[in-house]
Amino acid sequence: DAMDKALCESIQSLTASTMMLQEVQSQYNTEKKRLEDALNGSRKQIEVLSEKLQKEERETATLCLKITSLESANLSLNNTISTKREEIGKLEARVNTLTT
């Protein structure tokens, strides 16, 4: 009778321990799933941000090329203006010579 009682108490203790372990396992699985979902969300955000960064880098490179091209065109136009001013100066000098 005492052995049966001790056996019953052991079974109850094991049953309680098993239920507690199942609850802890359930909590662990829930937390693991939450963390995995958060990690996947972060990975997607990183992917989207990385794509945006690459796009902006391409746009920046394109703008830099355009700026370089515009600077070259500006330099060329400034040289042309300078040459034309020199020509105008020479022509004005000839006109002055002819009119005096």
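Residues numbered from 1 in each chain as written. Predicted model: local features only at pLDDT ≥ 70, side-chain atom pairs only at ≥ 80, totals over all residues. Heavy atoms only, no water.

1. Concerning the overall build of the protein
Assigned secondary structure in the protein consists of 1 helix and 0 strands. The globule rule puts the C-alpha radius of gyration for 100 residues at 13 Å, and the 42 Å found for the protein is more than 25% above it. Per-residue burial over the protein gives 0% buried out of 100 residues. A total accessible area of about 9,500 Å² is found for the protein, and carbon and sulfur atoms account for 60% of it. If you average the places of the 14 positive and of the 16 negative side-chain charges in the protein, the two averages end up 13 Å apart. (Helix = DSSP H or I, 4+ residues; strand = E, 2+ residues; numbered from the N terminus. Rg over C-alpha atoms; globule rule 2.2 N^0.38 Å. Buried < 20%, exposed > 50% of the residue type's maximum accessible area, 1.4 Å probe, protein only. Areas by Shrake-Rupley, 256 points an atom, 1.4 Å probe, with all protein chains shown as cover. Lys, Arg positive; Asp, Glu negative; His and termini not counted. Charge placed at Lys NZ, Arg CZ, Asp CG, Glu CD.)

2. Concerning the pattern of salt bridges
Scanning the model with the defined rule gives 3 salt bridges in all. Among the ionic pairs, D37 bridges to K33, the shortest N-O distance being 2.9 Å. Of this pair, D37 and K33 both sit in helix α1 (residues 2-99), separated by 4 residues, roughly a single helical turn. On the accessibility criterion, D37 (41% relative accessible area) is partly exposed. Residue classification places K33 among the partly exposed residues on the basis of a relative accessible area of 46%. (Salt bridge = Lys/Arg side-chain N within 4 Å of Asp/Glu carboxyl O.)

Fair warning: the whole summary comes from geometry, so function is off the table for now.
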